[in-house]
Number of protein chains: 2
Amino acid sequence: MMKAAFSLLVLLVALSSAFGKYIPKSGKRIPQTLSRGWGDQLIWAQTYEEALYWSRSNNKPLMVIFHLEDCPHSKALKKKFSEDDAIMKKLDEEFVVLNLMYETTDKNLSPDGQYVPRIIFVDPSMTVRADIAGRYSNRLYAYEPSDTKILFENLKKALKLYKSEL
Amino acid sequence: MMKAAFSLLVLLVALSSAFGKYIPKSGKRIPQTLSRGWGDQLIWAQTYEEALYWSRSNNKPLMVIFHLEDCPHSKALKKKFSEDDAIMKKLDEEFVVLNLMYETTDKNLSPDGQYVPRIIFVDPSMTVRADIAGRYSNRLYAYEPSDTKILFENLKKALKLYKSEL
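Residues numbered from 1 in each chain as written. Chains lettered and ligands numbered in written order. Predicted model: local features only at pLDDT ≥ 70, side-chain atom pairs only at ≥ 80, totals over all residues. Heavy atoms only, no water.

### Remarks on the overall build of chain A
Moving on, step 1. When helices and strands are tallied, chain A shows 5 helices and 3 strands.
Moving on, step 2. Beginning at the N terminus, the succession of helices and strands in chain A can be written as α-α-β-α-α-β-β-α.
Moving on, step 3. Looking at chain A as a whole, 48% of its 166 residues qualify as buried.
Moving on, step 4. The contacts in chain A between residues at least 6 apart in sequence include a share of 70% that link residues at least 24 apart.
Moving on, step 5. Roughly 8400 Å² of accessible area belongs to chain A as shown, and the carbon and sulfur atoms make up 58% of that amount. (Helix = DSSP H or I, 4+ residues; strand = E, 2+ residues; numbered from the N terminus. Buried < 20%, exposed > 50% of the residue type's maximum accessible area, 1.4 Å probe, protein only. Contact = heavy atoms within 4.5 Å. Areas by Shrake-Rupley, 256 points an atom, 1.4 Å probe, with all protein chains shown as cover.)

### A look at the pairing of strand β1 (residues 62-66) of chain A
On a regular strand, one side chain projects to one face of the sheet and the next to the other, so that they alternate.
All names here are of chain A.
Moving on, step 1. When you tally the buried positions in β1, you get 5 out of 5 residues, the bulk of the element.
Moving on, step 2. Strand direction decides the pairing type here: β1 and strand β2 (residues 96-100), joined by 5 bridges, are parallel. Paired with L62 across the bridge in β2 is V96.
Moving on, step 3. Strand direction decides the pairing type here: β1 and strand β3 (residues 118-122), joined by 5 bridges, are antiparallel. (Pairing = 2+ DSSP bridges.)

### Things to note about the packing of aromatic side chains
Moving on, step 1. As enumerated under the stated definition, the model contains 6 aromatic pairs over all chains in all.
Moving on, step 2. The ring of Y115(A) is capped by R118(A), whose NZ or CZ atom sits 5.8 Å from the centre of that ring. (Phe/Tyr/Trp six-rings, centres within 6.5 Å; stacked < 30°, edge-to-face > 60°. Lys NZ or Arg CZ within 6 Å of the ring centre and 35° of its normal.)

### Side note on the interface of chain B and chain A
Moving on, step 1. Facing 47 residues of chain B, the contacting portion of chain A comprises 47 residues.
Moving on, step 2. Of the roughly 4600 Å² buried where chain B meets chain A, counting both sides, 56% is carbon and sulfur surface.
Moving on, step 3. Our count for the contact surface shared by chain B and chain A stands at 5 salt bridges.
Moving on, step 4. R29(A) is paired through a salt bridge with D92(B); the nearest N and O atoms lie 3.0 Å apart.
Moving on, step 5. Applying the counting criterion to the chain B and chain A interface returns 19 residue pairs in polar contact (both at pLDDT 80 or more).
Moving on, step 6. Broken down by element, the side of chain B that touches chain A gets its largest block of residues, 7 residues, from helix α1 (residues 2-17) of chain B.
Moving on, step 7. When its residues are assigned to classes, the side of chain B that touches chain A shows 24 nonpolar, 9 polar and 14 charged. (Buried area = accessible area lost by both parts, 1.4 Å probe. Salt bridge = Lys/Arg side-chain N within 4 Å of Asp/Glu carboxyl O. Polar contact = N/O pair within 3.5 Å; in protein donor to acceptor, adjacent residues only side chain to side chain. Nonpolar A, V, L, I, M, F, W, Y, C, P; charged D, E, K, R; others polar.)

### Considering the nonpolar core
Moving on, step 1. M63(A), F121(A), M63(B) and F121(B) are the most contacted members of the largest nonpolar core, which totals 44 residues.
Moving on, step 2. Residues in contact with F121(A), not counting those within four places in the same chain, are L62(A), M63(A), F95(A), T127(A), V128(A), R129(A), I132(A), Y143(A), L151(A), N154(A), L155(A) and A158(A).
Moving on, step 3. By size, the runner-up hydrophobic cluster in this structure holds 19 residues, among which are A45(A), L62(A), V122(A) and Y141(A). (Core = buried A, V, L, I, M, F, W, Y, C linked by side-chain atoms within 4.5 Å.)

### Quick word on the sheet that holds strand β3 (residues 96-100) of chain B
Residues and elements named next belong to chain B.
Moving on, step 1. Read across the sheet, 4 strands follow the order β1-β3-β2-β4 without closing on themselves; strand pairing throughout is mixed. Every other strand in the sheet has two partners, leaving β1 (44-45) and β4 (118-122) as the edge strands with one partner each.
Moving on, step 2. The pairing of β1 with β3 spans 2 bridges and is parallel. Residue pairing in the sheet places A45 in a bridge with L98 of β3.

### Concerning the side chain of Q46(B)
Moving on, step 1. Here Q46(B) shows up in the loop between β1 and α2 (48-58).
Moving on, step 2. Look at Q46(B) and you get buried, because its relative accessible area is 0%.
Moving on, step 3. Polar contacts involving the side chain of Q46(B) include one to the side chain of R36(A), which spans 3.3 Å.
Moving on, step 4. If we ignore the near neighbours within four places in the chain, the residues touching Q46(B) are L34(A), R36(A), A45(A), Q46(A), T47(A), L98(A), N99(A), L100(A), M101(A), L34(B), L98(B) and L100(B).

Structural data, given as structure tokens:
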């Protein structure tokens, strides 16, 4: 136990020294993650351009999540989403993932408006899958925290639609 | 010592449980950071659109770093850059920062080509500062690890130019 704890101490010191010496006046910050809480184990693209490139070159559909950090609906969905192992596994193994807090210049990513949270699927052929929607007629690409099963079905749909068109 | 080590153990367990339950087949991953090693204490924009918005609304110039993870020149500059406290402080307090591994659709960000590493300054008025360059005539916006002083002077230039034009 003592030995293990000491190894952890060494690890933690090594980790903290890797973060550099500069400390902001307001105090040390936790480094920002690209996942922003949507699944720390997934490999997230940083930008839409990067995501499209990965999608094309790896032949995997792309899932884009539009969200805001101070939006309670985004937060509630994020919690359920990131804790859903089936969704995490499917996304990790068969999708390219991107989460954005800002709209892109591509209008195709907002077929019925720029609300959050909003989940849009894009094929490796760079076609936005406007046909893969949630269950709200006023906001087609919105999901509530209770909609994770529908979202999982949509992941399967994104893979199936795409494969059946090859 | 024992107590401190135990606290660390508790902290580490708490941290790891916050990362969710899903573990990829290839083993647990370290969450990706937005800094990508260019300064974990800085607050990085995720996309160019986000960076422009922050620059305009906070009235701070924007610095964009184009780099690649497997480029030895990018890596060498990143090390010197992130360890330079004067640069970190100035950027943290007076700039909006963005680092990208993919080009954007804005051609103004590559005045003399799309090489890496490349550092471009943009005014809060959204004007690319093509006049703020390093010391290489063939690649105007490239910096070597030994050029951190020139880079620091360019940070001051970006602030001065901008302020003198108000």
